[in-house]
Amino acid sequence: MAQIGFVGLGRMGGNMVARIKRDSDHDVVAFDPDKDARAKAKAAGARPATSLADLVKKLDAPRTVWLMVPSGKITQDNVDKLAKLLEKGDTIIDGGNSRWSDDKVRAEALKPLGINYMDVGTSGGVWGLEVGYCMMVGGPAASVKRVAPILDVLAPATTDEHGPGWGHFGPVGAGHYVKMVHNGIEYGMMQAYAEGFSLFDASEYDLDNGKIAHLWMQGSVVRSWLCGLAAKAFDEEGNALDDISPFVEDSGEGRWTVEDAIDKRIPLPVITASLFERFSSRGQNAFAAKVNAALRNQFGGHAIARAVKKTEPS
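Summarised in this report is the structure supplied together with it. The numbers attached to residues start from 1 for each chain and follow its sequence in the written order. Local features are withheld for residues below a pLDDT of 70 in this predicted model, meaning they are given only at 70 or higher, and side-chain atom pairs are given and counted only at 80 or more; totals for whole chains, interfaces and linings count all residues. Side-chain descriptors were evaluated using all non-hydrogen atoms of the structure, hydrogens and water having been removed beforehand.

**Points about the overall build of the protein chain**
Piece 1. Along its length, the protein chain carries 13 helices and eight strands.
Piece 2. Judged by the C-alpha coordinates and their principal axes, the protein chain covers about 75 × 50 × 40 Å.
Piece 3. Looking at the protein chain alone, contacts between residues at least 24 apart form 65% of all its contacts between residues at least 6 apart.
Piece 4. Here, Shrake-Rupley sampling with a 1.4 Å probe gives the accessible areas, and only protein chains in the shown set may cover a residue. If you sum the accessible surface of the protein chain, you get close to 18,000 Å²; carbon and sulfur atoms cover 57% of it.
Piece 5. Charge-centre separation for the protein chain: the mean point of 36 positive side chains lies 6 Å from the mean point of 40 negative side chains. Here a strand is any run of E in DSSP of at least two residues, a helix any run of H or I of at least four, and the numbering for each starts at the N terminus. Contacts are assigned to residue pairs with any non-hydrogen atoms lying within 4.5 Å of each other. The convention is simple: Lys and Arg are positive, Asp and Glu are negative, and His and the chain ends are not counted. The atoms used to mark charge sites are NZ of Lys, CZ of Arg, CG of Asp and CD of Glu.

**Some points on the packing of helix H9 (residues 209-216) against helix H10 (residues 225-237)**
Piece 1. The axes are straight lines fitted to the C-alpha atoms, using for helices just the contacting stretch, and the angles between their N-to-C directions are given from 0 to 180°. Where H9 contacts H10, the two axes come as close as 8 Å, and the packing angle between them is 155°. As the angle between them shows, H9 and H10 are arranged roughly antiparallel. Relative to H10, the crossing made by H9 is left-handed. Counting all contacts with H9, which are made through Asn209, Gly210, Ala213, His214 and Trp216, the residues of H10 involved are Cys227, Ala230, Ala231, Phe234 and Asp235.
Piece 2. Residues were grouped as follows: Ala, Val, Leu, Ile, Met, Phe, Trp, Tyr, Cys and Pro as nonpolar; Asp, Glu, Lys and Arg as charged; and all remaining residues, including Gly, as polar. Taken together, the residues of the contact of H9 with H10 sort by class into six nonpolar, three polar and one charged. Here roughly perpendicular refers to angles of 65 to 115 degrees, roughly parallel to angles under 35, roughly antiparallel to angles over 145, and oblique to all remaining angles. A clockwise turn of the near helix away from the far one marks a right-handed crossing, whereas an anticlockwise turn of less than a right angle marks a left-handed crossing.

**Regarding the side chain of aspartate 103**
Piece 1. Mapped onto the elements of the fold, aspartate 103 is located in helix H5 (residues 100-110).
Piece 2. When its relative accessible area of 0% is taken as the criterion, aspartate 103 is described as buried. For every residue, the accessible area (1.4 Å probe, protein chains only) is compared with the maximum for its type, and the residue is labelled buried under 20%, exposed over 50%, or partly exposed between those bounds.

**Describing the nonpolar core**
Piece 1. The biggest cluster of nonpolar side chains holds 28 residues, and the ones touching the most others in it are Phe6, Trp66, Met135, Leu154 and Trp166.
Piece 2. Those elements that provide at least two residues to this core are strand S1 (3-7), helix H1 (11-23), strand S2 (27-31), helix H2 (35-44), strand S6 (116-123), strand S7 (134-138) and helix H7 (141-154).
Piece 3. The element best represented in this core is H7, accounting for six residues.
Piece 4. Discounting residues that sit within four places of it in the chain, leucine 154 has contacts with Met16, Arg19, Ile20, Trp66, Gly132, Tyr133 and Met135. As used in this record, nonpolar core signifies buried Ala, Val, Leu, Ile, Met, Phe, Trp, Tyr and Cys residues forming a set joined through side-chain atoms within 4.5 Å.

**Let's talk about the pattern of salt bridges**
Piece 1. Salt bridge, as applied in this entry: a Lys or Arg side-chain nitrogen positioned within 4 Å of an Asp or Glu carboxyl oxygen. Per the stated rule, a full pass over the model turns up 13 salt bridges.
Piece 2. Arginine 106 serves as the salt-bridge partner of aspartate 94, at 3.5 Å between the closest nitrogen and oxygen. With aspartate 94 in strand S5 (residues 91-94) and arginine 106 in helix H5, this residue pair connects regions lying 12 residues apart in the sequence. Each member of the pair, aspartate 94 as well as arginine 106, carries the same accessibility label: buried.

**Considering helix H11 (residues 252-264)**
Piece 1. In this model, H11 (13 residues) spans 18 Å end to end at C-alpha, consistent with the 18 Å of a helix rising 1.5 Å per residue.
Piece 2. Positioned one or two residues after H11, arginine 265 has a phi angle of 60°, which is positive. Between the first and last residue of a helix there are one fewer steps than residues, each counted as 1.5 Å, and that sum is the expected span.

**Structural notes on the side chain of aspartate 260**
Piece 1. By secondary structure assignment, the location of aspartate 260 is in helix H11.
Piece 2. On the basis of relative accessible area, aspartate 260 is assigned to the buried category, the value being 4%.
Piece 3. Discounting chain neighbours no more than four positions away, the residues touching aspartate 260 are Trp100, Tyr177 and Met180.

Have a look at this one:
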């Protein structure tokens, strides 16, 4: 039986704890500032902790603490706090979406304390509880070996064709680097589906988007999990997605992928365009559209669609 401490019991972290307890006898000590999240983890079979200090106290040395919190300041704050609580030989795992270069800085800061650091890029979203999490791992081999029984439970079952559902790709940072590029590819795939269904929406034919997405899942070259999710979205939200605002957020990984490609002079036209298209969804290219319209009018005399001016109530 392995043991792990889990910090962060949101949609991903909470489901990961539930999967570990449902499918194994591993010991899980779980902490989240939200008492309801702690209660849910307890109901799943985990031992709740009331603080980071309480969590560390309940773990046996050498301890392994898995962070599943938002990237950036929250992750750094938790690493800093744990660094004061843990001992030589213990390991901190960042399973969130941190930048790989931040991982290397943290690992170096923890080295004088004898505390190990691992990065685990985790993909699976809210479906992970059911189908498992694809995990891309970076860090020292000894720490990875110790947490392997936990990774085995969290990952999808090993297959003859593709092997295990998690992989160790090298030293600290390697896991999050692979996950970053994974998310960049995801941007491009999502954008391609979005553009195709956008054309269907403008078509002369009265097309059923959900029907098309379901059909494409039956042997089509473009079948994928994302296509299946598109079918589900059309089923739930309607053919025209009327209740969904045309605003698409972007996570850090898409930007970091493009930035690293620029640094390495590797052309990523599809991923870059898909990132910029997300900016467009927020109206951030509205002024550029105005400039384009004005230029067309200037050089070609093309008509300009005038904006409707708001009048003040009298």
